[in-house]
Amino acid sequence: MIREVTSGDLNSLLELYLHLHEVSIPEDNDHLRNTWNKILNNEDYHIVVCEKDGIIVSSCTCVIVPNLTRSASPYALVENVVTHEKYRGNGYASACLEYAKEIAVKNGCYKMMLITGSDKPETHEFYKRNGYHSEGKTAYYNLLKDVNWNKL
């Protein structure tokens, strides 16, 4: 089943992120809960999950960004695309990306963007199979602070 997260999904989602790049589940504190509540209450922030036998096995985030160019058409940013290692290769992440695309289309977005830090050819092929391409664009990012991610 593909759906958006609900308030009760936080722990399952954090466990899934251990298969992305996290090395531990963050401490359950006010910062974490405030962030979770901001996400849940933001109509432009969508966390899509794939649930199999009651377990969240794959997910992606889709954020709709209001925009004043392209006839004031918004665009979508995709982040945190992940599938539990035991469930990879079954199309679950593709299904999440397709659901995110439906959200973007419904919101009138003119494009979707994502950046991957992976240098694995299979990761790049996965994104290409799902309609993303890198021709004609160059992605840059600016890491704004040196963060010990495990302490957040």
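Residues numbered from 1 in each chain as written. Predicted model: local features only at pLDDT ≥ 70, side-chain atom pairs only at ≥ 80, totals over all residues. Heavy atoms only, no water.

Some thoughts on the overall build of the chain
In step 1: When helices and strands are tallied, the chain shows four helices and five strands.
In step 2: Helices and strands appear in the chain in the N-to-C order β-α-α-β-β-β-α-β-α.
In step 3: Excluding contacts between residues fewer than 6 apart, the proportion of contacts in the chain whose partners are at least 24 apart in sequence is 62%.
In step 4: When the accessible area of the chain is evaluated, it comes to approximately 10300 Å², of which 49% is carbon and sulfur surface.
In step 5: Counting 16 positive and 20 negative side-chain charges, the chain places the averaged centre of each group 4 Å from the other. (Helix = DSSP H or I, 4+ residues; strand = E, 2+ residues; numbered from the N terminus. Contact = heavy atoms within 4.5 Å. Areas by Shrake-Rupley, 256 points an atom, 1.4 Å probe, with all protein chains shown as cover. Lys, Arg positive; Asp, Glu negative; His and termini not counted. Charge placed at Lys NZ, Arg CZ, Asp CG, Glu CD.)

Points about a nonpolar patch on the surface
In step 1: Together, Ile 115, Tyr 141 and Leu 143 give the surface a local cluster of nonpolar side chains, amounting to about 390 Å² of exposed area.
In step 2: In this structure Tyr 141 comes out as exposed when scored by relative accessible area, which is 69%. (Patch = residues over 30% accessible without salt bridge, like charges linked within 9 Å, V, L, I, M, F, W, Y side chains within 5 Å. Salt bridge = Lys/Arg side-chain N within 4 Å of Asp/Glu carboxyl O. Buried < 20%, exposed > 50% of the residue type's maximum accessible area, 1.4 Å probe, protein only.)

Section: the environment of Val 78
In step 1: In this fold, Val 78 is placed in strand β4 (residues 75-83).
In step 2: A residue is classified by how much of its surface remains accessible, and Val 78, at 3% relative accessible area, is buried.
In step 3: Distance from Val 78 to Val 63, taken between C-alpha atoms, is 6.6 Å for residues 15 residues apart in sequence.
In step 4: Setting aside chain neighbours within four positions, we find Val 78 in contact with Cys 60, Thr 61, Leu 97, Met 112, Met 113, Leu 114 and Tyr 132.

Regarding the pattern of salt bridges
In step 1: Throughout the structure, instances matching the rule amount to four salt bridges.
In step 2: Between Glu 51 and Arg 3 there is a salt bridge, and its shortest N-O distance comes to 3.0 Å. Taken together, the residues span a long stretch of sequence, with Glu 51 in strand β2 (residues 45-52) and Arg 3 in strand β1 (residues 2-4) at a distance of 48 residues.
In step 3: For Arg 3, a relative accessible area of 16% translates into the label buried.
In step 4: Note that Asp 28 is salt-bridged to Arg 33, the shortest N-O span being 2.8 Å.
In step 5: Here the residues in one salt-bridge network are Arg 3, Asp 9 and Glu 51, joined through shared partners.

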